[in-house]
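Here's the letter readout for the chains.
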Amino acid sequence: MRRNWKKIMTGTAFALILGLLAFFAADIPFFTFPETSDWAMAAADEQLVEIAEMETGNVVFSAGWLEAMLPFTIILLISLVCIVLDVLLRKKLYQKNGMPRDRVRITHRDGQKPRLRFGFEMIRWFVMIASFILLIWGGQILGVTLSQVQLPVLACPYNLEQGTSAGCFLFSHLDVLAESSLDEIFWFAGSFVVCALLFGRLLCGFVCPLGFVQDVMHQLRQGLHIEGVSLTEKLYDVLRFAKWVLLLIFLGIGLIGGSFCDFCPAITLSPALAGFKTSIYFSGFMMVIVLVSGFFKRRCFCNVCPMGYLLGLPHKVSLVKLKKDAVACTECGACYEACPMGIKSIFTVREGKNEQAIDVTTADCLLCGECIRRCPEDGALYMTFAGKKFYTASRLKFMKEYADGKE
Amino acid sequence: MTPAEARQRDRFDRKSVAVAEKMLRRMREMTHKPAALEPFLETLSRIFVDREDARKPQDIPTVGTYCVMVPPEMIYAQGAMPVKLCGGSYTAFSIGDDISPRDACPLVKAVMGFEEIDAMPVYQNCSLMAVPVTCDCKKKLAGWLSARRSTAILHVPANRERDEDMERFVGELYAFSRQLEGITGQPLSYENLSAAFRLTANAQYQLSRFIDLRRKHPKIIRGTFAMAAMNAMSYTWAPEWTAQMAALNDELEAIARSGENAVRENQPRILLTGSPVVFPNMKIPLLIEEMGGLLAADETCMGERGLYDPPAVADRTVDGMLRALANRSTRPCTCPTFADNRRRIYRIRQLIKDYRIQGVIYHVLRGCLVYDYEYLSLEEEMGKLGIPIIRVETDYNEEDVEQLRIRVEAFLELIKYGGNQS
């Protein structure tokens, strides 16, 4: 009972602090550009037109672009310091506990030549890179922006030159939505419904630029073989709670007069890369958290992302599904170990209407396909689009990837 | 050595060699033996008939392991060679019988016998014994061994659902790694661990090819041969076994192309499951196949399961690899020493589907309570599927062979002529 109290108290305190930080985010500047100090307010007042005048240089590597990238560079540096500090502290700790010396040694040697293998994973990276470019520089490259389409991913709407508009703005500014024209509401709701039905959280796994950045951080760690955090239910419990708090802030903050954008980490990257000088408030600290946590725990922010969760809610009617053949499954837990979202039910579920095709998609599932890639049982896990299998686990495929660099 | 001990030693020498030779001869006399199987039989013959130590490329220590929960990858990584020491010798069993309770399982009695008689180099030369605490007999064995040898006792969680239990097992593996470092002087590192993973990965790749071939052509090879190959793995340096297995796979692929079968079309396809079948105790597989059945698949831990599950490395770090090993060693394991083991029934159902199994023989070693416990739930499940199943209880001696022969024969006849009623 006492432990429960403790839990409730710390939970409430955490939620309160996060809520206050979000509400007063605009008062905690991370980096402000002098001429655009009232930028955020302008945006909140929906005077987006003014912003367009503030862009100075959107040619990559021009002086204006470099200036716009300054805050993000600072974020990167702070993140780097955090990561190095963590590695050093860990080294000390392990030495004290008599752990193997090499447990935290940084090495890039693998004894194995990296080999590119065409498959789901490669397609995912290709789509991620392509959508990252299109979502950030799409307007500049193609000359048109589909600004009516509001893709429900964290591609920052403050970047006016991206390929499409982002749905996150209206979700977090419900007050603005209430005052919008019917036409706008129609486009907003329409693009959300179509995206949720057709792809669901496939967009998180394949399209979201913030997801891509986190995946890059993860690959960086994999390349250096630095130990991450242990993934356990306890960690995921904390993350799940943080997700609920963030969801509440995300939907409610507009109604009580704050702006989620000053809090949202996505604002630090996309506009800057496109050359928009954007003043950054609490978002800067959030982005440091996203990068550092994404480095040590794969796609950590996706676990708490309110936008993604909303997109995943209608997974029951979505066309893309992750399914499991419970008879073929050996419950080895490889999928759980591989899952960046820590979905445990995928490996424990046994009962279902049809034992050979249990729907294991949840609102958290990013459909990134990592579980299928790590599944060593033929057909135990597979992904379907409108009932058609398009990616299936295979033992020989798994073994070929695992036993690469043969003899 | 007292005269009594000398007599016992002498009897052990004669009898154990005779049994091993007889089992090998019976295997060699079976029809449709692929030529590439010979290296596996030679390995068994070297260990049990010629009494040699396991062959190693360099002079490195060996580590004896007692259950599939000990990851061989770690032992290879830290510069030692793993050998599986679960005993199957009738002669060693009779020695162990005198120093253990009557109802202890014969496998553990055989291990104690080997330890007591001190005549098998593969047992004697081990620098470290790794005993996971699985069933009661293994638990007592761990205590008994640690009084005489340097022993690593690994606590295996009794349940696998909670993540804390997994974490604890990862901790056990770190402790085990420290003990390994003590005998080899080589600490665990990312490089040596990933090199070791590659050794076993190649072995597992060949095994997967073998399994794939058998699934596609269930009649391509006799199960006794498959079990002999898996038993030989216990005493073979991994790359050597990989090469032997690759040769066997190539031969089988050629046979598959020519459309030949190892057995006749109407031979009943049998699945053997239950207590471990350790060489030279091959009487059940040999009986099944000599009586006209085809041992199409097995679900025993000295058989296919010994190397079946690969670790899925999702995080390429030392810790990530150990987590993958901890996961692999416990979660998919169908060992009945885990409290909840429903996955074993699913596993058997999948095997029945993959190999088009017509009957299940459930092997129980006398005193192996955990396997005996699971018989009833499996029988019920097989009843639902309409697959006949019998339970055969045996001990480490040859006195019950005739009785077993009658039962196995009747079971095979039932499948052959009795239609599908169970």
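Computed from a prediction, not measured in an experiment: that's the story for all the values here.

Here we take up the overall build of chain B. A count of helices and strands for chain B gives 17 helices and 8 strands. If one aligns the C-alpha atoms of chain B with their principal axes, the spans along those axes are about 60 × 60 × 40 Å. Per-residue burial over chain B gives 66% buried out of 422 residues. In chain B, the share of contacts with a sequence separation of at least 24, taken over all contacts with a separation of at least 6, comes to 77%. Here chain B has roughly 14,700 Å² of accessible surface; of this, 50% comes from carbon and sulfur atoms. Chain B carries 55 positive and 57 negative side-chain charges, and their two centres are separated by 2 Å.

The next thing to look at is the overall build of chain A. Each helix and strand counted, chain A has 18 helices and 6 strands in total. Relative to the compact-globule value of 22 Å for 407 residues, chain A shows a C-alpha radius of gyration of 22 Å, a close match. In terms of its C-alpha atoms, chain A occupies a principal-axis envelope of roughly 60 × 55 × 55 Å. By the burial criterion, 56% of the 407 residues in chain A qualify as buried. In chain A, the proportion of contacts linking residues at least 24 apart, taken out of those at least 6 apart, comes to 73%. In the form shown here, chain A has an accessible surface area of approximately 18,600 Å², with 68% of it arising from carbon and sulfur atoms.

So, on to the packing of helix H9 (residues 190-216) of chain B against helix H11 (residues 238-258) of chain B. Residues and elements named next belong to chain B. Viewed as axis vectors pointing N to C, H9 and H11 meet at an angle of 20 degrees, and their least axial separation amounts to 9 Å. When the axes of H9 and H11 are compared, the pair comes out roughly parallel. Between H9 and H11 the crossing geometry is left-handed. For the pair formed by H9 and H11, the contact residues are Leu199, Asn202, Ala203, Gln206, Leu207, Arg209, Phe210 and Leu213 on the first element and Ala238, Pro239, Trp241, Thr242, Met245, Ala246, Leu248, Asn249, Asp250, Leu252, Glu253 and Ala256 on the second. Residues belonging to the contact of H9 with H11 are distributed by class as follows: 13 nonpolar, 4 polar and 3 charged.

Looking now at unusual backbone geometry. All names here are of chain B. A cis geometry characterises the amide bond from Phe279 onward to Pro280, with omega recorded as 5 degrees. Positive phi values are uncommon outside glycine, yet Arg356 reaches one of about 50 degrees. Structurally, Arg356 is set in the loop between helix H15 (342-355) and strand S7 (359-365). Of the residues examined, Arg356 reaches a relative accessible area of 44% and is grouped as partly exposed.

This part takes up the environment of Glu374 of chain B. All names here are of chain B. Tracing the backbone shows Glu374 in helix H16 (residues 369-385). Assessed through its relative accessible area of 14%, Glu374 is described here as buried. Taking C-alpha positions, Glu374 is 20 Å from Lys353, a pair spaced 21 residues apart along the chain. Residue contacts for Glu374: discarding those within four places in its chain leaves Pro336, Asn341, Arg344 and Tyr362.

Moving on: the domain arrangement of chain B. All names here are of chain B. Looking at the assigned domains, one finds that chain B contains domain 1 (3-186) and domain 2 (204-308 + 336-417). The C-alpha centroid of domain 2 is placed 21 Å from the C-alpha centroid of domain 1. Taken residue by residue, the interface counts 56 residues in domain 1 and 54 residues in domain 2. The three residues of domain 1 that bury the most area against domain 2 are Phe40, Lys84 and Arg160, which together make up 15% of that side's buried surface. Applying the counting criterion to the domain 1 and domain 2 interface returns 4 salt bridges.

Each value, and the rule that gives it
- Residues numbered from 1 in each chain as written.
- Chains lettered and ligands numbered in written order.
- Predicted model: local features only at pLDDT ≥ 70, side-chain atom pairs only at ≥ 80, totals over all residues.
- Heavy atoms only, no water.
- Helix = DSSP H or I, 4+ residues; strand = E, 2+ residues; numbered from the N terminus.
- Buried < 20%, exposed > 50% of the residue type's maximum accessible area, 1.4 Å probe, protein only.
- Contact = heavy atoms within 4.5 Å.
- Areas by Shrake-Rupley, 256 points an atom, 1.4 Å probe, with all protein chains shown as cover.
- Lys, Arg positive; Asp, Glu negative; His and termini not counted.
- Charge placed at Lys NZ, Arg CZ, Asp CG, Glu CD.
- Rg over C-alpha atoms; globule rule 2.2 N^0.38 Å.
- Axes fitted to C-alpha atoms, helices over the stretch in contact; angles between N-to-C directions.
- Parallel < 35°, antiparallel > 145°, perpendicular 65-115°, else oblique.
- Left-handed = near helix turned anticlockwise from the far one by under 90°.
- Nonpolar A, V, L, I, M, F, W, Y, C, P; charged D, E, K, R; others polar.
- Domains from an automatic or database assignment.
- Buried area = accessible area lost by both parts, 1.4 Å probe.
- Salt bridge = Lys/Arg side-chain N within 4 Å of Asp/Glu carboxyl O.

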